Structures are given as structure tokens and as C-alpha cells.
Amino acid sequence: MIIAPEKVVGLTFELRVNNGNTDNRLIETAGSDNPFYYLVGQSGLPPAFETALMGLDAGKKFDFTIDMLEAYGPVEQEAIMDIPNAVFTDPSGAFDAENVSIGKFLYLEDEQGDQHRGKVIGLQADTVTMDFNHPLAGFNLHFSGEIVEVRTAEADELAHGHVHGPGGHHH
Ligand SMILES: [Zn+2]
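Below: a short report on this structure. Quick caveat: nothing in here was measured; it's all calculated off a predicted structure. (Residues numbered from 1 in each chain as written. Predicted model: local features only at pLDDT ≥ 70, side-chain atom pairs only at ≥ 80, totals over all residues.)

Brief notes about the overall build of the protein chain
Each helix and strand in the protein chain was counted, giving two helices and nine strands. Relative to a compact globule of 171 residues, whose C-alpha radius of gyration would be 16 Å, the protein chain shows 20 Å and is clearly more extended. The dimensions of the protein chain, computed from C-alpha atoms along their principal axes, are 60 × 40 × 30 Å. Here the protein chain holds 171 residues, and the buried ones make up 17% of them. Counting only contacts in the protein chain whose residues sit at least 6 apart along the sequence, the fraction spanning at least 24 positions is 65%. (Helix = DSSP H or I, 4+ residues; strand = E, 2+ residues; numbered from the N terminus. Rg over C-alpha atoms; globule rule 2.2 N^0.38 Å. Buried ≥ 20, exposed ≤ 12 C-beta atoms within 10 Å, placed from the backbone. Contact = placed C-beta atoms within 7 Å.)

Spelled out as C-alpha cells, the structure:
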């Protein structure tokens, strides 16, 4: 059975990234003891990832690179912004220094009520610098691994838009 729409795929992978200045840094793995499962079209990864795997069947190995422009895009300077300290107050009205520190990821709500995940990258006297780029923006993604399972999705998996059972949701 090959990878196609309405299939569930299990695979092992190693993800290495580089942005032209770094070596191929290993950032994520899914080994044979804990494969990554996805419903075709719902992997949550860039479409180019799933496109590269279409037509493969269990036992096939893969090794490909997705250019950053087909992954999470370049780093956008407009997505790095200084936000007034007043936005980061705790319930007592004081600056929430415990949760707002360099390297922390925070969710902020925009005027439309949408949540955006950003990383704290700078602390000034009156402002906090936050980077709302995807953590993998600016990186080429190199995936290698092996397909371990391809099966037809159950009706309730298609209805829910995710995989059930091993490697998937339990509910
Ligand atoms: Zn479900």
C-alpha cells in the first residue's frame, strides 16, 4: 500500500536543519520505538514534506531537503517587535519577570483576538523584544528516515482529522 490521500503513515525520521551559517544540526528524531504517525494532509508539517513522501510504501527509505522557502519561510524583520512592559504585568500589576525572560516562549493576543507564539529575545527598561517568527523560519529542513507503516484511515480518523491508536490520539 502506498502513501496517498486517506492513508495513515508511520515513519521514523531524523530532522536536521541549517540556515547557511550552521552545520546540519539534529533537532528532532522519531525512532522505531516511537514512530511519527500522520494522516495524509494533516501532518502539521510543511506541504513539501508530505509531497516528498507520496507514493512510497512501507520499508522505503527517504532522504530529502526542503528549502526554507517551502518550509517556514525566511526570517521576517517585521515579526520581531518591541512591546511595552505594561503588556507583561502579573495579576498584581507588576512586571512578570518570572515568566518574561530571555528564551521563553509566550502567547500574545492581537487586536483580532488571535494568539501568536513568540520568543523573548531582548529585555529593555520599558520594552520587551519578541520574535514571532516560526522557530524554524530561515532554516532548510533535511529529513531522512524510513516508512514503517501505511494503512487505510478509519472513518472516524478522517472525520477527526487525526490518527487514532499507537502514535496518535487516545480518546
Ligand atoms: Zn479523534
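Considering the nonpolar core
With 13 residues, the main nonpolar core has V8, V9, Y37, Y38, L39 and V163 as its most contacted residues. Of all the elements in the fold, those that place two or more residues in this core are β1 (7-18), β3 (36-39) and β9 (140-152). Among the elements that make up this core, the one with the highest residue count is β3 (four residues). The residues touching V163, leaving out its near neighbours within four places in the chain, are V8, Y37, Y38, L39, E157, G168 and H169. (Core = buried A, V, L, I, M, F, W, Y, C linked by C-beta atoms within 7 Å.)

Remarks on the environment of G168
Of note, G168 is situated in the segment after α2 (155-160). For G168, a count of 16 C-beta atoms within 10 Å puts it in the partly exposed group. For the pair G168 and Y37, spaced 131 residues apart in sequence, the C-alpha to C-alpha distance is 6.5 Å. Among residues more than four places away in sequence, those in contact with G168 are Y37, H162 and V163.

What about the pairing of strand β6 (residues 105-109)?
The buried count for β6 comes to zero of five residues, which makes it a mostly uncovered element. Alignment of β6 against strand β7 (residues 115-123), held across five bridges, turns out to be antiparallel. Within β7, the residue paired with Y107 across the bridge is R117. Where β6 hands over to β7, the hairpin turn is made up of five residues, of which G113 adopts a positive phi near 85°. (Pairing = 2+ DSSP bridges.)

Re the sheet that holds β6
Overall, antiparallel pairing links the four strands, which are arranged β5-β8-β7-β6 in an open sheet. Looking at the sheet topology across the chains shown, the edges are occupied by β5 (80-84) and β6. The average angle at which neighbouring strand axes cross in this sheet is 50°, direction not considered. (Axes fitted to C-alpha atoms, helices over the stretch in contact; angles between N-to-C directions.)

Section: unusual backbone geometry
Even without being glycine, E6 reaches a positive phi, approximately 70°. Looking at the element boundaries, E6 is found in the segment before β1. Among the residues examined, E6 registers 12 C-beta atoms within 10 Å and is labelled exposed.

Some details on the environment of V8
Along the polypeptide, V8 turns up in strand β1. Here the alpha-carbon distance between V8 and L39, two residues 31 residues apart in the chain, equals 4.6 Å. If sequence neighbours within four positions are ignored, V8 has contacts with Y37, L39, R151, A153, E157 and V163.

Points about the pairing of β1
Relative to β9, β1 is paired through 12 bridges, and the arrangement is antiparallel. Bridge pairing in β9 links G10 to E149. Here β1 runs beside β3; their pairing, made up of four bridges, is antiparallel. What sits directly across from V8, in β3, is L39. Taken together, the five bridges between β1 and strand β2 (residues 25-30) define a ladder with antiparallel strand orientation. Opposite E14, over in β2, you have T29 as the bridge partner. Taken together, β1 and the strand that follows it, β2, pair antiparallel across an intervening segment of six residues, in which G20 is found at a positive phi of about 90°.

Functional significance is not addressed by these values, which are geometric in nature.
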